[in-house]
Amino acid sequence: MLNGDTALLPVVIVVGLIVIDAFLVRFNAIQKAGLAQRFLASTVVYAGGIITSAWLLSLFGVLIPTVWRFVTVLTITLGLGILLALEPEKGSLLHDNLLADCIRAWRRQNWIIKLLTGTAALWAIFGLLRIALLPPTTNDALSDHLVMSAVWLQEGSFIDFATHHPHMPKYLINGHILTMFHLSFSSDNTFAEIVQLEAWFTL
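Residues numbered from 1 in each chain as written. Predicted model: local features only at pLDDT ≥ 70, side-chain atom pairs only at ≥ 80, totals over all residues. Heavy atoms only, no water.

**Observations concerning helix α3 (residues 65-86)**
Then, in step 1: For α3, which comprises 22 residues, the first-to-last C-alpha distance of 32 Å matches the rise-based estimate of 32 Å (1.5 Å per residue) to within 8%.
Then, in step 2: Of the residues making up α3, those classed as buried are P65, W68, R69, T72, I76, G79 and L83. An end-on view of α3 places all buried positions within 105° of arc, on one side of the element. In α3, the exposed positions that point more than 90 degrees away from the buried face belong to F70, L78 and A85. (Helix = DSSP H or I, 4+ residues; strand = E, 2+ residues; numbered from the N terminus. Expected span 1.5 Å × (residues − 1). Buried < 20%, exposed > 50% of the residue type's maximum accessible area, 1.4 Å probe, protein only. Arc of directions from axis to C-beta.)

Given below as structure tokens:
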């Protein structure tokens, strides 16, 4: 039931964050903010969009992977089209020179900053490999989080369901929605833990 295209999720995350950042820059929502603050703001908007779309789709009983993926890709594509029609604002991640400017700024940093950022990059690569190769094995994941996410994606809405743990459907579920979103791009639980890696980067 959890069908998907695993290669699509990284594209959705990266392009989605870039489009959100470009909108925030164009409409002066993040004035004089550094890259770290802009990344945080874009991530918050990105997560809010995922949660809002889940609740709206659930109201119509169509919170299923194929529909969710289609709505997400369509929204990002429309946003990207609007931004390109308006011409990217200088300073946004859609602007041609920003990546080169960031690389030059990184090269000017002292060796401590370079060491820290290099370590963070290696840790991220290791984290992605661990997530991709090792399935979730904790009792909490297997008995709560994955069960709720799978049931709701199969049913297409946030319904109550029979369980030996009656507290499960009563949890605050916005955190689960992010896990559900990533699961909707996979035929198994490959992306179940990637939300934790995203949270680490945000922090």
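**Let's talk about the nonpolar core**
Then, in step 1: Ranked by size, the top nonpolar core spans 34 residues in total, and within it W68, F158 and F181 carry the most contacts.
Then, in step 2: Of all the secondary structure elements, the ones that give two or more residues to this core are α1 (8-26), α2 (35-59), α3, α6 (139-155) and α7 (174-183).
Then, in step 3: Broken down by element, the residue count for this core peaks at 8 residues, all from α1. (Core = buried A, V, L, I, M, F, W, Y, C linked by side-chain atoms within 4.5 Å.)

**Re the environment of V73**
Then, in step 1: Among the structural elements, V73 can be located in helix α3.
Then, in step 2: When the C-alpha positions of V73 and G16 are compared, they lie 8.9 Å apart, and in sequence the two are 57 residues distant.
Then, in step 3: In this structure, V73 is in contact with L8 and V12, ignoring residues within four places of it in sequence. (Contact = heavy atoms within 4.5 Å.)

**Some thoughts on the confidence of the model for the protein chain**
Then, in step 1: Confidence in the prediction for the protein chain averages 77 pLDDT; 70% of positions are at 70 or higher.
Then, in step 2: No element of the protein chain has a lower mean pLDDT than helix α8 (residues 194-202), which averages 68, and none a higher one than α3, which averages 90. (pLDDT = per-residue confidence, 0-100.)

**Details of α7**
Then, in step 1: Taking burial as the measure, the 10 residues of α7 include 8 buried ones, the bulk of the element.
Then, in step 2: All of the buried residues along α7 are H176, I177, L178, T179, M180, F181, H182 and L183.

**Here's the deal with the packing of α1 against α3**
Helix packing for two helices is described by the angle between their axes and how far apart those axes are.
Then, in step 1: Direction vectors running N to C along α1 and α3 enclose 40°, while the axes themselves pass 10 Å from each other. The angle between α1 and α3 falls in the class oblique. Where α1 crosses over α3, the two elements pack in a sense that is left-handed. Taking contact as the criterion, the partners of L8, V12, V15, G16, V19, A22, F23 and R26 in α1 are, on α3, R69, T72, V73, I76, G79, L80, I82, L83 and L86.
Then, in step 2: Of the residues belonging to the contact of α1 with α3, the class tally is 12 nonpolar, 3 polar and 2 charged. (Axes fitted to C-alpha atoms, helices over the stretch in contact; angles between N-to-C directions. Parallel < 35°, antiparallel > 145°, perpendicular 65-115°, else oblique. Left-handed = near helix turned anticlockwise from the far one by under 90°. Nonpolar A, V, L, I, M, F, W, Y, C, P; charged D, E, K, R; others polar.)

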